[in-house]
Amino acid sequence: QVQLVESGGGLVQAGGSLRLSCTASGRTFSSYAMGWFRQAPGKGRDFVAGIKWNGGSTYYADSVKGRFTISRDNAKNTVYLSMNSLKPEDTAVYYCAANEVIVADAARYDYWGQGTQVTVSS
């Protein structure tokens, strides 16, 4: 069992930056791949970024490549999403999720956080 808690969301102007954190409880965090997803109002939950259990591989949606960076610190049971050059279309609730492997299909993830709101004003 893994419990996930996101933090770091907020309101930022276009072009600004935010760093989201997701802290996990449980001793098996380091064995899970971690993903960040986002859901805008009236839309589905979309894959944003993923990282392998050891941080050795990362994956990004085309829409965030070059702007967002996913990282993890297994000693702190935490995964991060650094977001730069934010755009109004990045506005969404951001969720972290844990799974055995990195996949873009949200339905395949076993554990989810409660989400944190990111709002980018123009």
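Preceding block: the structure.
This text gives an overview of the structure that appears in the document. (Residues numbered from 1 in each chain as written. Predicted model: local features only at pLDDT ≥ 70, side-chain atom pairs only at ≥ 80, totals over all residues. Heavy atoms only, no water.)

Describing the overall build of the chain
Under the convention used in this document: Numbering goes from the N terminus for both helices and strands, where a helix is a DSSP run of H or I of at least four residues and a strand is a run of E of at least two. Radius of gyration means the value over C-alpha atoms here, while the globule rule gives 2.2 Å times the residue count to the 0.38 power. Any two residues whose heavy atoms approach within 4.5 Å at even a single point are treated as in contact.
Each helix and strand in the chain was counted, giving zero helices and eleven strands. Going residue by residue from the N terminus, the α and β elements of the chain occur as β-β-β-β-β-β-β-β-β-β-β. At 13 Å, the chain has a C-alpha radius of gyration in line with the 14 Å of a compact globule built from 122 residues. Based on the C-alpha atoms only, the size of the chain along its principal axes is roughly 40 × 25 × 25 Å. In the chain, 57% of the contacts between residues at least 6 apart in sequence involve partners at least 24 apart.

A word on the state of the cysteines
The test is simple: Note on terminology: pairs of cysteine sulfur atoms within 2.5 Å are recorded as disulfides. Only protein chains enter the accessibility calculation, which uses a 1.4 Å probe; a residue whose area is less than 20% of its type maximum is buried, one above 50% is exposed, and one in between is partly exposed.
Considering all chains together, one arrives at one disulfide under this definition. Each disulfide pairs two cysteine sulfurs, and for Cys 22 the partner residue is Cys 96, the sulfurs being separated by 2.0 Å. Around the S-S axis, the bridge from Cys 22 to Cys 96 shows a dihedral of about 55° and counts as right-handed. Here Cys 22, found in strand β3 (residues 18–25), pairs with Cys 96, found in strand β9 (residues 92–99); they are 74 residues apart in sequence, far enough to count as distant. By relative accessible area, Cys 96 is classed as buried at 0%.

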